[in-house]
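An overview of the molecular structure
In case you want the letters, here they are:
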Amino acid sequence: MSTLADRAAAMLATLDLGEDRPRRIGKLASYDGVMMEATGLAQPIGAQVRAIDADGRGTCAEVVGFRGHKTLLMALEGDSPHSLGARVEPDRRGGNVDVGEGLLGRVVDAMGMPLDGLGPVIAGARWPLAGRPGNPLDRGRVTERFDLGVRAVNALLTAGVGQRIAIAAGSGVGKSVLMGQMIQGADADVIVVGLIGERSREVSDFLATKLNGPARRKSVVVAVPADHAPILRLRAAMRATAIAEFFRDQGKRVLLLIDSLTRCAHAQREIGLSLGEPPTMKGYPPSALGMIPRLIERAGADIRTGGSVTALYTVLADGDDGDDPVVDTARAIVDGHIILSRHISEQGVFPAIDIGRSLSRVMADIVDPQHAAAAIAYRRLWAAYEENRDLILMGAYRSGSDALIDMAIARHRDMLAFLAQAPAARIGFDDARAALIQGFGA
């Protein structure tokens, strides 16, 4: 006959304590202004916790690593009065985000709190912040064109439903303006915008000038200015992507815009260096560059639900360096890239797209042969002029030496005029295709 202790042990083994099991509470052991260390806290990477400050107010932090028997935390809020030995307790809300139709037309921060003064956000579902693991075979091919309302993009860099596109340029060349123009012209059911690391003034300006009218009612904006903690900037990009994934799971056509991917990489660089990671190319630790494909690969078309996330990521090329590590990493993983040129913008041409360096990897699968032939003819003239620009400007090229170069010189103004489009104008795919074939077709 079993003893009373054996029967009690067997009974406990069959119980499912679930949420009623005791929580392990840790203590704050150190804080250097960026990184906190807690003892006695067993939480996985990415878990959210609350540090009870000296005034009794709880502030949020995220588990980012471990050092010996200590758990490394990064505060989600700055200037909190943390004290040695403060209580650190788990917060189970951190791994999921609120999603639902109630988000449409709203502006929230990295924690999902409303910024627009319209009251609480009513969301009826939850979605993992880091996304759900997916099967690569569930990603559909890009076979349907996506109208972005910009003539040069529709005609020469045709986008597809579920495509991921990087918009790369130096500062002040027009990335955000082009993104706003695409929002107004996009054929999408839902628009999700992540404004990451921008100036606070630019957030208000973006909402007032680039996301107004009908587009505002079907949009969700996640905004975190540059002065916020790096972990918040990174979580904002993840939250925007999670919201887009939810609507894709509902079978909707979603346009996701992240401005900018470089600010996300900078945030991860701050976190990685604080954890002691070795800096590699231009000071970026491996985790900063590794974050980019993890974020971008969450977008795309889903053959199970029929929904899609077509994503646009702006990338800041520091010092107009096209070989910047972030630019190079993003360009290698996306399905197409749009390079903006400061030289073209200085000529008063907007959008200042450098057609020769830009590419849509899916265009060949979604346009007809006549359209493709006209685009190739345009590119051939563009390349001929750019390759001989110095000779032409110095007057060293003699007319008649090469028929292609002669034609490129004669049509140069026409090519620039084809690129130019007023920021408020919308030119649909059919009109862009017709103009290209009429002007540069056989």
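Source: prediction; values computed, not measured.

Brief notes about the overall build of the protein
Along the protein, the regular secondary structure elements total 15 helices and 19 strands. Once the C-alpha set of the protein is aligned to its principal axes, its extents read approximately 105 × 45 × 40 Å. Evaluated residue by residue, the protein yields a buried proportion of 52% over its 442 residues. Of the contacts formed within the protein by residues at least 6 apart in sequence, a portion of 72% connects residues at least 24 apart. As displayed, the protein offers around 20100 Å² of accessible surface, 53% of which is attributable to carbon and sulfur atoms.

Considering the side chain of Thr71
Topologically, Thr71 is positioned in strand 5 (residues 70–75). We classify Thr71 as buried; its relative accessible area is 3%. Engagement of the side chain of Thr71 in a polar contact is seen with the backbone oxygen of Leu41, the distance being 2.8 Å.

Remarks on the sheet that holds strand 1 (residues 26–31)
Around the barrel, which closes on itself, the six strands sit in the order 1-2-5-4-3-6 with antiparallel pairing between neighbours. The sheet shows a mean angle of 45° between the axes of neighbouring strands, direction not considered. Of the pairings in the sheet, the one linking strand 4 (residues 58–67) to strand 5 comprises six bridges and is antiparallel in character. Each residue of the ladder has a partner; that of Gly65, found in strand 5, is Leu72.

Quick word on the nonpolar core
One finds Leu156, Met182, Ile338, Tyr378, Leu419 and Leu436 to be the most contacted residues of the largest nonpolar core, which totals 67 residues. Counting residues per element, this core draws most heavily on helix 12 (residues 369–387), which supplies seven residues. Those residues in contact with Met182, other than ones at most four positions away along the chain, are Leu148, Val150, Val153, Ile167, Leu312 and Ile338. Residues Leu72, Val108, Ile196 and Ala237 belong to the second largest nonpolar core, which totals 59 residues.

Points about the pairing of strand 17 (residues 308–316)
Of all the nine residues making up strand 17, nine are buried; the element is thus mostly covered by neighbouring parts of the structure. In this structure, strand 12 (residues 164–169) lies alongside strand 17, joined through six bridges in parallel fashion. Residue Ala169 lies in a different strand from strand 17, and its bridge partner there is Leu316. Direction of pairing for strand 15 (residues 253–259) relative to strand 17: parallel, over a ladder of six bridges.

A short note on helix 12
Between its first and last C-alpha atoms helix 12 spans 27 Å; for 19 residues at 1.5 Å apiece the expected length is 27 Å, and the two agree. When helix 12 is considered as a whole, its buried residues turn out to be His371, Ala374, Ala375, Ala377, Tyr378, Leu381, Trp382, Ala384 and Tyr385. Of the surrounding elements, those touching the buried residues of helix 12 are helix 2 (151–156), helix 10 (342–345), helix 11 (363–366), helix 13 (389–394), helix 14 (403–419) and helix 15 (429–440). Capping the start of helix 12, Asp368 holds a side-chain oxygen 3.1 Å from the backbone nitrogen of Gln370, two or three residues further along.

Remarks on the packing of aromatic side chains
Applying the stated criterion across every chain yields a total of six aromatic pairs. Between the aromatic rings of Tyr378 and Phe418, the centroid separation amounts to 5.8 Å while the plane-to-plane angle is 50°, which identifies the pairing as tilted. Of this pair, Tyr378 sits in helix 12 while Phe418 sits in helix 14, and the two are 40 residues apart along the sequence. Phe418 gets classed as buried once you look at its relative accessible area, which sits at 7%. Each ring, one from Tyr378 and one from Phe440, has its centre 4.8 Å from the other, and the planes form 75°; the classification is edge-to-face. In this pair, Tyr378 is assigned in helix 12 and Phe440 in helix 15, connecting sequence segments 62 residues apart. Note on Phe440: relative accessible area 8%, which makes it buried.

Here we look at unusual backbone geometry
Here the bond from Asp259 into Ser260 is cis, since omega is 10°, no more than 30 degrees from zero. Residue placement: Ser260 occurs in the loop between strand 15 and helix 7 (261–274). The step from Phe350 to Pro351 runs through a cis peptide bond, and the omega angle for that step is -5°. Mapping Pro351 onto the fold places it in the loop between helix 10 and strand 19 (359–360).

Some thoughts on the side chain of His266
When you line up the elements, His266 lands in helix 7. Contacts of His266, omitting those with residues within four sequence positions, involve Tyr284 and Asp318.

Re the packing of helix 12 against helix 15
Where helix 12 contacts helix 15, the axes come no closer than 9 Å and their chain directions differ by 60°. Judged by the angle between their axes, helix 12 and helix 15 are oblique. Seen along the crossing, helix 12 lies across helix 15 with a hand that is left-handed. Of helix 15, the residues touching helix 12 (which contributes Gln370, His371, Ala374, Ala375, Ala377, Tyr378 and Leu381) are Phe429, Arg433, Leu436, Ile437 and Phe440.

How each quantity is defined
- Residues numbered from 1 in each chain as written.
- Predicted model: local features only at pLDDT ≥ 70, side-chain atom pairs only at ≥ 80, totals over all residues.
- Heavy atoms only, no water.
- Helix = DSSP H or I, 4+ residues; strand = E, 2+ residues; numbered from the N terminus.
- Buried < 20%, exposed > 50% of the residue type's maximum accessible area, 1.4 Å probe, protein only.
- Contact = heavy atoms within 4.5 Å.
- Areas by Shrake-Rupley, 256 points an atom, 1.4 Å probe, with all protein chains shown as cover.
- Polar contact = N/O pair within 3.5 Å; in protein donor to acceptor, adjacent residues only side chain to side chain.
- Pairing = 2+ DSSP bridges.
- Axes fitted to C-alpha atoms, helices over the stretch in contact; angles between N-to-C directions.
- Core = buried A, V, L, I, M, F, W, Y, C linked by side-chain atoms within 4.5 Å.
- Expected span 1.5 Å × (residues − 1).
- Phe/Tyr/Trp six-rings, centres within 6.5 Å; stacked < 30°, edge-to-face > 60°.
- Parallel < 35°, antiparallel > 145°, perpendicular 65-115°, else oblique.
- Left-handed = near helix turned anticlockwise from the far one by under 90°.

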